[in-house]
Amino acid sequence: MTERIYPPAHVPRASELASTILDKVERDVVFTLRIRGESLDLLSRHFQGFIERALGANGVDYGDHPLLRLFVESHSRELTDFVVNGMALSHQIDLKAFERFGGDSTHLLRADIWDSLRSYIESAEQHFLSGLGGLQDILAEVSALRPGAAGDAQ
């Protein structure tokens, strides 16, 4: 249970609460990186193309399963969310560091973001290719619907 800062009968006014929070800003407030806009769309389209190429390399195209486009879009969103959330978690800047930024230090931050972004994209791709719920599951679903598959009604 958390400790009460104020007596039970005293609900702080907005200005008092803002001051209390600002007193704790050094440990409780961070700025996080958020990917949005065209960059978010680029990331999502990258993963959609990546999944389509992986399926194509295994002889699968959109005509092979009625829900394949939905599978591709769903997995693309999952991989995109993995990268976006990972970047937000790994790039949190406290107020003191944020206040120090200026001049050339932003170039260091840009290089750090590039390296993290590349790493998260590669991790997402590897997970899709090798992990559960990714490429192998889609291939199994498609192959179960192909003529001559075990349990086929023909």
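Notes on the structure in this doc start here.

### What about the layout of surface pockets?
At step 1: Put simply, the largest pocket is a space of about 200 Å³.
At step 2: Taken together, Leu 33, Arg 34, Ile 35, Arg 36, Ser 39, Leu 42, Leu 43, Met 87, Ile 113, Leu 117 and Ile 121 make up the full set of residues lining the largest pocket.
At step 3: In the lining of the largest pocket, the residues fall into 8 nonpolar, 1 polar and 2 charged.

### Describing helix H7 (residues 135-145)
Helical periodicity: at 3.6 residues per turn, an α-helix aligns residues three or four positions apart in one direction.
At step 1: Buried within H7 are the following residues: Leu 135, Ile 138, Leu 139 and Val 142. For H7, the arc enclosing every buried residue in end-on projection is 100°, short of the 170-degree limit, so these residues lie on one face.

### Structural notes on the packing of aromatic side chains
At step 1: A complete count under the given rule lists 2 aromatic pairs for this structure.
At step 2: Each ring, one from Phe 82 and one from Tyr 120, has its centre 5.8 Å from the other, and the planes form 65°; the classification is edge-to-face. Linking Phe 82 in helix H4 (residues 68-90) with Tyr 120 in helix H6 (residues 105-130), this pair joins segments that are 38 residues apart in sequence.
At step 3: Using a relative accessible area of 22% as the deciding quantity, one classes Tyr 120 as partly exposed.
At step 4: Its end group placed over the ring of Tyr 62, Arg 69 keeps NZ or CZ at 3.8 Å from the ring centre.

### Observations concerning the nonpolar core
At step 1: If you look at the biggest cluster of nonpolar residues, it comprises 21 residues, and the most contacted ones within it are Phe 47, Ile 51, Leu 55, Leu 68, Val 83 and Phe 128.
At step 2: Of all elements in the fold, only helix H3 (37-57), H4, H6 and H7 reach the threshold of two or more residues within this core.
At step 3: Every residue in contact with Phe 47, bar those within four places of it in the chain, is listed here: Ser 76, Leu 79, Thr 80, Val 83, Ile 121, Ala 124 and Glu 125.

Cut-off values and rules
- Residues numbered from 1 in each chain as written.
- Predicted model: local features only at pLDDT ≥ 70, side-chain atom pairs only at ≥ 80, totals over all residues.
- Heavy atoms only, no water.
- 1 Å grid on protein atoms, 1.4 Å probe; cavity = no way out; pocket = protein on both sides within 12 Å on 5 of 7 lines; lining within 4 Å.
- Points joined across faces, edges and corners; volume = space filled by probe spheres on them.
- Nonpolar A, V, L, I, M, F, W, Y, C, P; charged D, E, K, R; others polar.
- Buried < 20%, exposed > 50% of the residue type's maximum accessible area, 1.4 Å probe, protein only.
- Helix = DSSP H or I, 4+ residues; strand = E, 2+ residues; numbered from the N terminus.
- Arc of directions from axis to C-beta.
- Phe/Tyr/Trp six-rings, centres within 6.5 Å; stacked < 30°, edge-to-face > 60°.
- Lys NZ or Arg CZ within 6 Å of the ring centre and 35° of its normal.
- Core = buried A, V, L, I, M, F, W, Y, C linked by side-chain atoms within 4.5 Å.
- Contact = heavy atoms within 4.5 Å.

Shape is all these values report; function is a separate question.
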